[in-house]
Amino acid sequence: VQLQASGGGLVQAGGSLRLSCAASGRTFRRYAMGWFRQAPGKEREFVAAITGSGGSTHYGDSVKGRFTISRDNAKNTVFLQMNSLKPEDTAVYYCAASLSMSDHASTYGYWGQGTQVTVSS
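Conventions we followed
Residues numbered from 1 in each chain as written. Predicted model: local features only at pLDDT ≥ 70, side-chain atom pairs only at ≥ 80, totals over all residues. Heavy atoms only, no water. Pairing = 2+ DSSP bridges. Helix = DSSP H or I, 4+ residues; strand = E, 2+ residues; numbered from the N terminus. Axes fitted to C-alpha atoms, helices over the stretch in contact; angles between N-to-C directions. Phe/Tyr/Trp six-rings, centres within 6.5 Å; stacked < 30°, edge-to-face > 60°. Lys NZ or Arg CZ within 6 Å of the ring centre and 35° of its normal. Core = buried A, V, L, I, M, F, W, Y, C linked by side-chain atoms within 4.5 Å. Buried < 20%, exposed > 50% of the residue type's maximum accessible area, 1.4 Å probe, protein only. Contact = heavy atoms within 4.5 Å. Disulfide = S-S within 2.5 Å.

Engineer: Which residues make up the sheet that holds strand 1 (residues 3-6), and what values go with them?
Structural biologist: Taking strand neighbours across the sheet as the criterion, the four strands line up as 1-3-8-7 in an open arrangement whose pairing is antiparallel. Because the sheet does not close on itself, it has two edges, and the strands there are strand 1 and strand 7 (67-72). Across this sheet, the average inter-strand angle for adjacent strands is 15°, counted without regard to direction. In the sheet, strand 3 (residues 17-23) pairs with strand 8 (residues 77-82) via six bridges, with the strands oriented antiparallel. Looking across to strand 8, one finds that R18 is bridged to Q81.

Engineer: Please provide a residue-by-residue account of the packing of aromatic side chains, values included.
Structural biologist: Counting across every chain of the model gives six aromatic pairs. Sitting above the plane of the F79 ring, R18 keeps its charged end 3.9 Å from the centroid. In this structure, R44 packs its charged tip against the face of W111, placed 4.7 Å from the ring centre.

Engineer: Please set out the nonpolar core residue by residue, giving values where relevant.
Structural biologist: Ranked by size, the top nonpolar core spans 29 residues in total, and within it M33, W35, L80, M82 and Y93 carry the most contacts. Of all elements in the fold, only strand 1, strand 3, strand 4 (32-38), strand 5 (45-50), strand 7, strand 8, strand 9 (91-98) and strand 11 (115-120) reach the threshold of two or more residues within this core. When near neighbours in sequence (up to four residues on either side) are disregarded, M33 contacts L3, C21, F28, A48, A49, I50, I69, R71, V78, A96, A97 and Y108.

Engineer: Help me get a handle on unusual backbone geometry, residues and values and all.
Structural biologist: One non-glycine residue, N76, lies in positive phi territory at about 55°. By secondary structure assignment, the location of N76 is in the loop between strand 7 and strand 8. Taking the relative accessible area as the measure of exposure, N76 reaches 17% and is therefore buried. The backbone phi angle of S84 is positive, close to 50°, even though this residue is not glycine.

Engineer: Tell me about the state of the cysteines, and please be specific about residues and values.
Structural biologist: In the structure shown here, the tally under the stated rule is one disulfide. Each disulfide pairs two cysteine sulfurs, and for C21 the partner residue is C95, the sulfurs being separated by 2.1 Å. An S-S torsion of about 65° defines the bridge between C21 and C95 as right-handed. Of this pair, C21 sits in strand 3 while C95 sits in strand 9, and the two are 74 residues apart along the sequence. One exposure class covers both C21 and C95, and it is buried.

So, in structure tokens, the structure goes:
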């Protein structure tokens, strides 16, 4: 599975962004998808995950109620809608694929290249 993340950018605090992650291959729906982020000098942090069917989701505590993960299996794409953005959301955001949904980065065997999100105060 090859993953290509996009949609990052510069936004003011309180604003919104929508990240996309396009996947190659015909087995996309077999994979749970996750979003992680990494800020400079910090460890990679779990953001959100969704099962292959899209029927179940899981969020990191810092983004609950503000971010929404979704997927379109017909288009091999997973999305991360980010609302009420805060400066502390600034990071490189990565999408990843795994055969089981998890909040542990080590579970994911496939990673996209990352997209930068910068939130100004």
